[in-house]
Amino acid sequence: MESLSVARYFCQNVEFTTTNRGSVEGNHGRPDFPTNKLCRNTLIVNGIMPLIHDYYCTNETCGFAGPSGWGYYMYAEADDGERISCPHPGEQAKAREVIGEDATEEELDNRTGFNYYCVCVDCVEQFDRDPQRDQLRCPNCESTAIELLVELVGQPCPECGDGDFVAEDTGAIA
Ligand SMILES: [Zn+2]
Ligand SMILES: [Zn+2]
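Worth saying up front: this structure is predicted, and the values here are computed from it rather than measured. (Residues numbered from 1 in each chain as written. Chains lettered and ligands numbered in written order. Predicted model: local features only at pLDDT ≥ 70, side-chain atom pairs only at ≥ 80, totals over all residues.)

Draft legend 1. Examining the overall build of the chain more closely. Counting secondary structure elements, the chain contains 3 helices and 11 strands. When the helices and strands of the chain are read in sequence order from the N terminus, they spell out β-β-β-β-β-β-β-α-α-β-β-β-α-β. For the chain, the residues scored as buried account for 24% of the 174 residues in total. Considering only residue pairs separated by 6 or more positions, the chain has 49% of its internal contacts joining residues 24 or more positions apart. (Helix = DSSP H or I, 4+ residues; strand = E, 2+ residues; numbered from the N terminus. Buried ≥ 20, exposed ≤ 12 C-beta atoms within 10 Å, placed from the backbone. Contact = placed C-beta atoms within 7 Å.)

This is the structure we're talking about:
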């Protein structure tokens, strides 16, 4: 099986790559795009977006798995700061419902984002974070060795080290 130690990232029209796990070194094709940030546009990692995938370890006795889906989801921030999931399709309507039907484009932009499924490589805790806004630090052990679930695809399983962590196409398109 081909190793995917170099992840491939795409936005809507630019492809860029990373040379090591967990850090995005592309500049999005634009010198002003900050490194180590993810594109807010449609981001595809290893080409696995917009199909729904199951994420799991190939070692059957391990059982390590992540949430099914794209590896991330859009959220809208409620008045109290809580992040409300906005599932596809209909995410824009849901965002307006959360933020306010009369919200301006700017308000919508400021109060929406993408939470990624994250995995702590040290203790295998799973949690959701927006890499553009949040510090990637494990809420369980404080480690900063955090991977996005989609970045683990093709890598050895962080739980058992024996199996490979894979993304399997469920055949569903969202
Ligand atoms: Zn941890
Ligand atoms: Zn495993």
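Back to the text.
Draft legend 2. Just the nonpolar core, in detail. Core analysis: the largest hydrophobic core is formed by 21 residues, its most contacted members being Tyr 116, Tyr 117, Cys 118, Leu 148, Leu 149 and Phe 165. Secondary structure elements with two or more residues in this core: β4 (51-57), β8 (112-120), β10 (146-148), α3 (149-152) and β11 (165-173). It is β8 that provides the largest number of residues to this core, a total of 6 residues. Other than its neighbours up to four places away in sequence, Tyr 116 contacts Gly 71, Tyr 72, Asp 128, Arg 129, Pro 131 and Leu 148. (Core = buried A, V, L, I, M, F, W, Y, C linked by C-beta atoms within 7 Å.)

Draft legend 3. Representation of unusual backbone geometry. You will see that Val 124, though not glycine, has its phi angle at about 65 degrees, which is positive. Considering the arrangement of structural elements, one finds Val 124 in the loop between β8 and β9 (126-129). Residue Val 124 is classed as partly exposed on the basis of its C-beta count, with 15 C-beta atoms lying within 10 Å. Here the phi dihedral of Glu 142 falls at roughly 70 degrees; this positive angle occurs in a residue that is not glycine. Structurally, the position occupied by Glu 142 is in the loop between β9 and β10. Judged by the 10 C-beta atoms lying within 10 Å of it, Glu 142 is exposed.

Draft legend 4. Expanded view of the confidence of the model for the chain. On average, residues of the chain score 75 in pLDDT, and 68% of them reach the 70 mark or higher. Considering only residues more than four positions removed or in separate chains, one finds that residues 1-49, a stretch of pLDDT under 50, has 76 contacts. (pLDDT = per-residue confidence, 0-100.)

Draft legend 5. Main features of helix α1 (residues 91-99). For α1, every residue scored as buried is listed here: Ala 95, Val 98 and Ile 99. The arc enclosing the buried residues of α1, seen along the axis, measures out at 85 degrees, which places them on a common side. As for α1, its buried residues are in contact with β6 (72-77), β7 (83-85), α2 (105-110) and β8. Backbone geometry just after α1 places Gly 100 at a positive phi near 135 degrees. (Arc of directions from axis to C-beta.)

Draft legend 6. A look at the pairing of β8. Counting buried positions over the 9 residues of β8 gives 7, a clear majority of the element. With 5 bridges connecting them, β6 and β8 associate as antiparallel partners. Residue Tyr 75 lies in a different strand from β8, and its bridge partner there is Gly 113. Across 4 bridges, the pairing between β8 and β9 is antiparallel. (Pairing = 2+ DSSP bridges.)

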